[in-house]
Amino acid sequence: MLLITGSQGQIGSDLVTALQNRYGVDQVLESGRRASDKNLYETLDVTNHQRFREIISAYKIDTIYHLAGILSAKGECYPERCWQVNIHGLKNVLELAKKYSLKVFWPSSIAVFGPHTPKQNTPQTTIEDPATMYGITKVTGELLCQYYAQRFGVDVRSVRFPGIISYQTLPGGGTTDFAVEMFYAALQQTHYTCFVRPDTRLPMMYMPDAIGAMLKLMSADAAALTVRSSYNLTAISFSAAELFAEIQKHVPTFTCDYCPDYRQAIADSWPSIIDDTQARQDWGWQPTYGLSAMVKDMLHQLAMRIEGSGFPVAGFDSAQPAKSLSIQISQ
Ligand code: AKB
């Protein structure tokens, strides 16, 4: 049976469905800090070792997708908490993986890189000098994963995720969140004030590619994996202005201005384009969505959700059919 920590988060909520489809609804146990009335769900603070162990033993868990964690921007507001959750949570997972022979997926991030890392085609192995507590926890986490794999034979697998764009659940507390917020603003408010400069270019990925990467990596032949810290992974790189321009093609009335805040410095410390050759070679990583395909699909999916959930949509009466939306999505 599989356990997902942080299952109600941005990645978790999409991953649950994908794993249920692949392995069966009764094979996926969700967990999170908040209570839920879902059938296969346990409340779990990942820093609580005893509770973690009880759940793993009670449900005979063999694989953990450990997604619970605090992202970059929130981590700068609460650095101590960020360290506690991200490091103690991961350490608990690795210790339990050692004890119960569990297979583990853990997401690292482009946040492992810092101001002295090459920004273009950032290599798999390069300078890692993160400027945030989140980045520090990711570098430490990668080293812990590598250590547990080499020293104790723990089958832990990881990728350095770029910013992830999705419509099911909002991200929370990340620096790349502006990319998702821009879509919601385009459909709900018609104007967005972006918290990074227009020329801020970061690596990004659409959720279907992120889910595909996790499933592919976890089913790869262990002998083929040459990296046990974390694989560089990327799909699209675009600036905030390029994303706005692409959205505006479909929502001509949409406007955007830029008012950078503390998150600008975090974004400036990250690479623009990542080299993910190693992941492509070792386990066949291949993204499917480019910028225009991602924007078209994201707007389409989000427009359907916003209408269905009764959200007010600018210039759109939710009692009217979706075609009255002021967006033009060519099929
Ligand atoms: C964040 O912005 O903190 C995350 C990440 C790139 O790890 N999306």
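For the rest of this paragraph, the subject is the overall build of the protein chain. Looking only at helices and strands, one finds 11 helices and 12 strands in the protein chain. Relative to its length of 331 residues, the protein chain is compact, with a C-alpha radius of gyration of 20 Å against a globular reference of 20 Å. By its C-alpha atoms, the protein chain is 55 × 45 × 35 Å across when sized along the principal axes. Charge separation in the protein chain, taken as the distance between the mean sites of 28 positive and 31 negative side-chain charges, equals 5 Å.

What follows concerns the sheet that holds strand S3 (residues 41-43). In sheet architecture, strand pairing relies on hydrogen bonds along the backbone and comes in two forms, parallel and antiparallel. Taken in spatial order, the seven strands make up an open sheet running S3-S2-S1-S4-S5-S6-S10, and their pairing is parallel. Of all strands in the sheet, those with a lone pairing partner are S3 and strand S10 (231-232), marking the two edges. Of the pairings in the sheet, the one linking strand S1 (residues 2-5) to strand S2 (residues 28-32) comprises three bridges and is parallel in character. Looking across to S2, one finds that Ile4 is bridged to Glu30. The sheet contacts of helix H1 (residues 10-23) involve S1, S2, strand S4 (63-66) and strand S6 (155-161), and relative to S1 the element is tilted by about 170°.

Mapped onto the secondary structure, Asp276 falls in the loop between helix H9 (263-268) and helix H10 (277-283). When its relative accessible area of 4% is taken as the criterion, Asp276 is described as buried. Excluding residues that lie within four positions of it along the chain, Asp276 makes contacts with Asn232, Leu233, Thr234 and Trp285.

This part is about the sheet that holds strand S7 (residues 163-165). One open sheet accounts for three strands, arranged S7-S9-S11; its pairing is mixed. Looking at which strands have only one partner, the edges of the open sheet turn out to be S7 and strand S11 (236-239). In this sheet, neighbouring strand axes are inclined to one another by 45° on average, regardless of whether the strands run parallel or antiparallel. As paired elements, S7 and strand S9 (residues 201-206) share three bridges and run parallel to each other. What sits directly across from Ile165, in S9, is Tyr206. Relative to S7, helix H6 (residues 177-188) is tilted by about 20°, and along the sheet it contacts S7 and S9. Its contacts with the sheet place helix H7 (residues 207-219) against S7 and S9, and it is angled at close to 70° to S9.

It is worth spelling out the pairing of S9 at this point. Each regular strand shows side chains that alternate between the opposite faces of the sheet. Within S9, five of the six residues are buried, leaving the element largely enclosed by the surrounding structure. Where S9 and S11 come together, four bridges link them in antiparallel fashion. By the bridge assignment, Pro203 is partnered in S11 with Ser237.

Moving on, we come to the side chain of Thr169. Among the structural elements, Thr169 can be located in the loop between S7 and H6. A polar side-chain atom of Thr169 sits 2.5 Å from a polar atom in the side chain of Ser13. Apart from residues no more than four positions distant in its own chain, Thr169 is found in contact with Gln8, Gly9, Gln10 and Ser13.

With 92% of its residues at a pLDDT of 70 or more, the protein chain has an overall mean of 93. Low confidence marks residues 308-331, where pLDDT is under 50. Its contacts with residues over four positions away, or in another chain, come to 41 contacts.

A few words now on the site of the ligand. In the vicinity of the ligand, the residues found are Leu71, Ser72, Ser109, Ile110, Tyr134, Gly174, Thr175, Thr176 and Trp270. Ser109 places a side-chain nitrogen or oxygen 2.6 Å from an oxygen atom of the ligand. Within the backbone of Thr175, one N or O atom sits 2.7 Å away from an oxygen atom of the ligand. If the ligand stood free it would expose 250 Å²; the protein chains cover 93% of that surface. Looking at side-chain class alone, the shell around the ligand contains four nonpolar, five polar and no charged residues.

Here we take up unusual backbone geometry. Even without a glycine there, the phi angle at Lys60 is positive, about 50°. Note on placement: Lys60 falls in the loop between helix H2 (49-58) and S4. The class of Lys60 is exposed, set by a relative accessible area of 66%.

Calculation rules
- Residues numbered from 1 in each chain as written.
- Predicted model: local features only at pLDDT ≥ 70, side-chain atom pairs only at ≥ 80, totals over all residues.
- Heavy atoms only, no water.
- Helix = DSSP H or I, 4+ residues; strand = E, 2+ residues; numbered from the N terminus.
- Rg over C-alpha atoms; globule rule 2.2 N^0.38 Å.
- Lys, Arg positive; Asp, Glu negative; His and termini not counted.
- Charge placed at Lys NZ, Arg CZ, Asp CG, Glu CD.
- Pairing = 2+ DSSP bridges.
- Contact = heavy atoms within 4.5 Å.
- Axes fitted to C-alpha atoms, helices over the stretch in contact; angles between N-to-C directions.
- Buried < 20%, exposed > 50% of the residue type's maximum accessible area, 1.4 Å probe, protein only.
- Polar contact = N/O pair within 3.5 Å; in protein donor to acceptor, adjacent residues only side chain to side chain.
- pLDDT = per-residue confidence, 0-100.
- Near = heavy atom within 4 Å.
- Areas by Shrake-Rupley, 256 points an atom, 1.4 Å probe, with all protein chains shown as cover.
- Nonpolar A, V, L, I, M, F, W, Y, C, P; charged D, E, K, R; others polar.

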